[in-house]
Every structure is written in C-alpha cells, then in structure tokens.
Amino acid sequence: MENSISELTSIWNRVLARLKDELKEDPAVFGTFFSDSYIHTLDGKTIIVVVSNKTAAQIMTMTYTEKVLDALTECTESDYGIRFVSRDQLDSENQIKSAKPAYFSDSYINPNYNFDNFVVGPSNREAYQAALMVSQNPGRLYNPILIYGDSGLGKTHLLHATGNKIKSKFPSLKVLYISAQEFLNEYVKFVTGDTNGVSIVDWFRDNVDVLLIDDVQFLAKKEKTEETFFTIYNNFYAHSKQVVLTCDQHPSKLNGLDERLKSRFVQGLPLYIGQPERDTCERILRMRISSNGLDINDFDPEVISFFASAFRKNVRELEGAFDRLLFYTVQLGHAAHIDLETAKAAVLPLLDVKEATGSLSAERIIDTVAEYYNLPAYQLTGKIRTSQIALARHIAMYLIRIKLDAPFARIGAIFGGKDHATVINGVNKVENSLKTDRGLQKAISDLNKRLK
Ligand code: ADP
Ligand code: MG
C-alpha cells in the first residue's frame with residue numbers, strides 16, 4: 001500500500017509523539033533535535049525526513065532509526081526505508097542538482113563552506129587572506145594560488161569559500177570546483193567519446209571562468225591527463241582567468257608530476273597551511289557548538305581545552321571526536337551539562353585507537369589493502385563502485401573495525417563521509433562471506449600477515 005505525503009506526515013506526527021514520550025527525561029534533547037523535523041519527500045520507498053542540523057541527523061540515524069522504522073511499519077503496514085537529512089544538507093543537495101555542469105557529474109560548490117565559518121589563526125592566516133583577496137579580485141592578483149598542507153586542515157573548505165564568494169560578488173562568472181580525481185574521470189569520458197565530440201580543452205574554455213581544483217597530487221603519474229591539464233591551465237593563465245589549486249604537499253616534492261606542471265603550480269603564490277594552534281582549535285569547537293544550536297555554557301571549559309589538545313593534528317578528527325561526544329551525551333541522557341569526565345568517556349575509543357595501536361593506523365590498513373589489490377589508495381576511500389573496488393573497500397572497513405575497534409561513524413568519515421549504515425553493511429558482508437569464501441579467507445589471512 002502506498003501512502004500519500006499528507007498521510008505520511010500525520011503518521012510522522014504520531015512517531016514524533018512517541019519519541020517525545022521516550023525522551024521525557026530529557027525534554028531538551030527532543031526540543032533541540034527533533035521537535036521541528038518533518039517529512040520532505042518520498043523517494044521510491046525511502047522517506048526523507050528533514051531535521052534541524054547535522055548532529056540531529058546523525059543522532060537520529062545512529063540511535064533512533066530502528067524505533068522509527070518499527071513505528072512506521074506498524075502505522076503504515078508497509079515497508080519503508082528512512083533517511084534523515086539536515087536543512088543545510090538539503091540546501092546543498094538542491095544546489096548540486098541545479099548547478100551540475102554539462103559533463104561534470106559530481107562537481108559543485110558547497111554553500112556550507114565559507115569565509116565566515118572558517119576560523120583564522122597563525123597556521124592558516126596566509127592561506128585564508130590570499131584566498132579572500134583572490135575572491136575579491138579574481139584573475140588580477142595572484143594566479144594561480146596554491147594551498148598545500150596535510151589532510152584535514154581546511155584546504156577544501158577554503159576552496160569552496162573562494163567559490164562561494166566569487167559567485168556572490170561576480171554572479172556572471174562561471175565557477176567550477178572539481179577534485180583532481182573527478183577531473184581524471186571526466187578526462188576518460190571525453191577521451192572515450194562520451195561527450196558528443198566536444199574536446200575537454202574547449203569545454204573548459206567555454207564553460208569555466210574560475211577553476212578551483214582540489215588535491216592535484218592525484219594528477220601525478222597520469223601522463224596523458226597531465227598533458228591535457230597543462231593545456232587547459234595555460235589557457236586560463238593566458239586569459240587571466242583565476243585558478244586556485246590545493247595539494248597535500250609542496251608540488252616540488254611530488255613524485256611523478258610533470259616538471260612543467262610543478263613549475264606552473266608554484267609560479268603564482270604557494271601557501272602552506274599547518275596544524276592549528278590550541279587556541280584556533282578551541283575557537284573552532286566553540287563555533288561548532290553554537291552552529292549546532294547548543295549552548296556553550298553547557299560545556300565545562302576544561303572539556304573544550306581537552307578536545308583542543310587531544311585532537312589538534314587534524315580538524316576533521318577534532319570535529320569527528322566532538323560529534324561523538326554529542327551522540328554519547330544524548331544516548332546516555334546526559335544532555336544537560338557536560339563535564340570533563342563525560343567528555344573523556346565519550347571519546348575513549350578514539351584515544352585508545354591513537355595510543356594503543358602504535359604504528360597500525362587506518363591509513364596503513366587502507367594502503368596495505370590497496371596495494372594487495374593493486375589499486376590506488378584514493379579509490380578505496382572514493383566513490384567508484386566497481387565490484388573489485390567495492391570488495392577492497394569492504395575489506396579495508398572490516399579490518400579497521402576488527403583491528404582498531406574504530407566506531408562505525410569514524411570509519412565512515414575515513415571513507416569519504418559514508419554513513420554508519422553503509423559501513424555496517426560493508427563489514428557484515430565480509431563477515432558473512434568469510435564463513436564460506438576460501439579466496440576471501442586467504443586474502444584476509446595474507447593481509448593480517450602484512451599488517452603485523
Ligand atoms: P583538507 O581539504 O585540508 O583535507 P577540509 O577543508 O576538508 O580539509 O577540512 C576538514 C574539516 O575541518 C571540514 O569540515 C572543515 O570545515 C573543517 N575545518 C578545517 N579548518 C577549519 C577552520 N580553520 N575553521 C573551521 N573549520 C575548519
Ligand atoms: Mg580536501
């Protein structure tokens with residue numbers, strides 16, 4: 001039996017009433033996260049529910065999916081799936097759909113990353129200022145600018161911020177954000193003639209005024225693609241069209257990148273972005289608390305300084321750890337006041353992973369699995385779903401789960417922001433196949449040996 005949206009909405013109200021009842025010890029949790037949720041659409045058999053923010057979406061998914069599905073099945077006598085999205089996410093997904101350029105399936109500028117929500121400190125000030133200056137005057141000042149540094153330090157954020165600013169200040173300019181991996185995929189499409197005879201060089205010339213290209217290290221060792229990119233790049237440069245690049249290291253250190261590209265990439269303004277200072281981390285946390293609609297006074301000041309020093313190396317990890325704290329407090333019904341003890345208990349598994357495993361890290365597991373299957377590591381954490389890549393990806397998720405005891409949500413974050421249900425599914429597949437599949441048993445045993 002199919003239900004109309006209005007029928008589903010009244011059912012949703014009943015589901016909410018139940019949740020409210022279950023959470024009556026913690027009215028603040030219900031009020032903060034769920035009271036204003038609503039059904040957005042029915043996508044096939046999946047109900048899309050909008051909640052107030054990302055944390056609420058994660059909490060709903062992690063903690064309440066089963067309860068909600070039970071209630072839905074009971075009320076509708078039908079088998080619906082459910083997906084929780086935040087308002088921000090919905091906005092950016094809508095924007096993705098409308099901004100899709102002709103041949104670029106997955107490139108968009110994320111409206112949630114901007115200069116206003118980028119916390120500036122000594123480690124990133126130069127990169128921030130250069131990106132801001134360039135977006136006020138694209139193509140005129142420094143061309144290209146290159147932001148380089150380790151993962152999780154804000155490079156992609158600044159790239160999108162630049163794109164958003166240019167789009168709002170110069171609406172007539174056509175701005176393209178693309179990661180180098182996506183560029184490689186698109187290059188293949190053009191070469192295999194998927195694009196009605198338009199050349200990729202012409203496409204860029206006619207369709208892009210500002211090029212934001214992320215993670216150019218992935219161009220290394222791809223000679224043909226580098227050649228084409230070189231031509232595209234030269235066209236941009238010759239016509240004073242702005243290019244902004246990011247890379248995980250200084251290009252001169254990149255093995256296998258064409259020398260001509262190396263020198264082009266650093267000819268404008270190369271900017272290093274480093275690990276944030278403690279104070280910067282504290283300010284990032286405070287911003288995250290308020291943007292999630294939470295009250296900073298509910299957190300003991302020691303909690304903030306503990307997070308800022310324990311997870312300083314990588315802002316992505318800092319944010320992940322903090323989200324975990326929010327899950328934990330909601331699950332235990334501790335939402336009222338968060339002290340240091342609660343905070344430490346919440347992130348204990350993450351600290352254990354860091355301390356207890358010594359040289360074994362998620363990164364090493366991914367690299368080892370990738371090498372075993374002869375794939376580049378980025379494909380394991382990327383989106384491509386050929387069966388070979390999917391298998392290797394699931395094995396890597398499985399090993400990270402078993403060997404590091406990492407939480408599913410964290411594994412999801414490592415694999416490019418997959419939700420925890422996808423990770424559980426991957427890990428379960430491996431566990432089930434292991435019972436009978438000799439080939440898989442051998443692969444896991446080989447990998448375990450390599451990881452010793
Ligand atoms: P990179 O591209 O360098 O790997 P990202 O730009 O993806 O890193 O940043 C990882 C996460 O950390 C993102 O959610 C980003 O918004 C956040 N982040 C990084 N630096 C800052 C900062 N200075 N202020 C606010 N958020 C930040
Ligand atoms: Mg990035």
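Before reading further, recall that the structure is shown in the block above.
Remember, it's a predicted structure, so these values are computed and weren't measured experimentally.

Parameters at a glance
- Residues numbered from 1 in each chain as written.
- Chains lettered and ligands numbered in written order.
- Predicted model: local features only at pLDDT ≥ 70, side-chain atom pairs only at ≥ 80, totals over all residues.
- Heavy atoms only, no water.
- Near = heavy atom within 4 Å.
- Polar contact = N/O pair within 3.5 Å; in protein donor to acceptor, adjacent residues only side chain to side chain.
- Areas by Shrake-Rupley, 256 points an atom, 1.4 Å probe, with all protein chains shown as cover.
- Helix = DSSP H or I, 4+ residues; strand = E, 2+ residues; numbered from the N terminus.
- Nonpolar A, V, L, I, M, F, W, Y, C, P; charged D, E, K, R; others polar.
- Phe/Tyr/Trp six-rings, centres within 6.5 Å; stacked < 30°, edge-to-face > 60°.
- Lys NZ or Arg CZ within 6 Å of the ring centre and 35° of its normal.
- Axes fitted to C-alpha atoms, helices over the stretch in contact; angles between N-to-C directions.
- Parallel < 35°, antiparallel > 145°, perpendicular 65-115°, else oblique.
- Contact = heavy atoms within 4.5 Å.
- Pairing = 2+ DSSP bridges.
- Expected span 1.5 Å × (residues − 1).

A. How the structure looks around the site of ligand 1. Taken together, 18 residues lie around ligand 1, and Val-119, Gly-152, Thr-156, His-157 and Glu-319 are the ones closest in. Within the side chain of His-157, an N or O atom sits 2.7 Å from an oxygen atom of ligand 1. Protein contacts shield 92% of the accessible area of ligand 1, which totals 560 Å² for the unbound molecule. Within the residue set of the shell around ligand 1, elements represented by two or more residues are helix 6 (155-169), helix 11 (278-291) and helix 13 (315-331). Looking at the shell around ligand 1, its residues break down into seven nonpolar, seven polar and four charged.

B. Region of interest: the packing of aromatic side chains. Overall, the coordinates contain 16 aromatic pairs when judged by the stated rule. When the centroid spacing of 5.1 Å and the interplanar angle of 80° are considered together, the rings of Tyr-372 and Tyr-373 count as edge-to-face. What links up through ring pairs into an aromatic cluster is the set Phe-183, Trp-203, Phe-204, Phe-229, Tyr-233, Tyr-237 and Phe-265. Cation over ring: Arg-260 sits above Phe-230, and NZ or CZ is 4.1 Å from the ring centre. A cation over a ring is seen here: Arg-401 above Phe-408, with NZ or CZ 3.9 Å from the ring centre.

C. Region of the structure containing the packing of helix 17 (residues 387-404) against helix 19 (residues 420-434). Interhelical geometry of helix 17 versus helix 19 gives an angle of 90° and a closest axis separation of 8 Å. If you check the angle between helix 17 and helix 19, you find them roughly perpendicular. The segment helix 17 lies against helix 19, with His-394, Ile-395, Met-397, Tyr-398, Arg-401 and Ile-402 engaging Val-423, Gly-426, Val-427, Lys-429, Val-430, Glu-431 and Leu-434. Per-class residue counts for the contact of helix 17 with helix 19 are eight nonpolar, two polar and three charged.

D. Quick look at the sheet that holds strand 3 (residues 81-86). In spatial order, the strands read 1-2-3; together these three strands make up an open sheet with mixed pairing. Because the sheet does not close on itself, it has two edges, and the strands there are strand 1 (38-43) and strand 3. Across the sheet, the mean angle separating the axes of adjacent strands is 25° when strand polarity is ignored. As judged from the five bridges shared by strand 1 and strand 2 (residues 46-51), these two strands associate in the antiparallel manner. Bridged to Asp-43 within strand 2 is Thr-46.

E. Up close: helix 9 (residues 223-238). Helix length check: helix 9, at 16 residues, gives a terminal C-alpha distance of 22 Å against a target of 22 Å (1.5 Å per residue), a fit within 8%. Lining the buried residues of helix 9 we find helix 7 (180-191), helix 8 (200-207), strand 6 (210-214), strand 7 (243-247) and helix 10 (259-265). Backbone geometry just downstream of helix 9 places Ser-240 in the positive-phi region, at approximately 50°.

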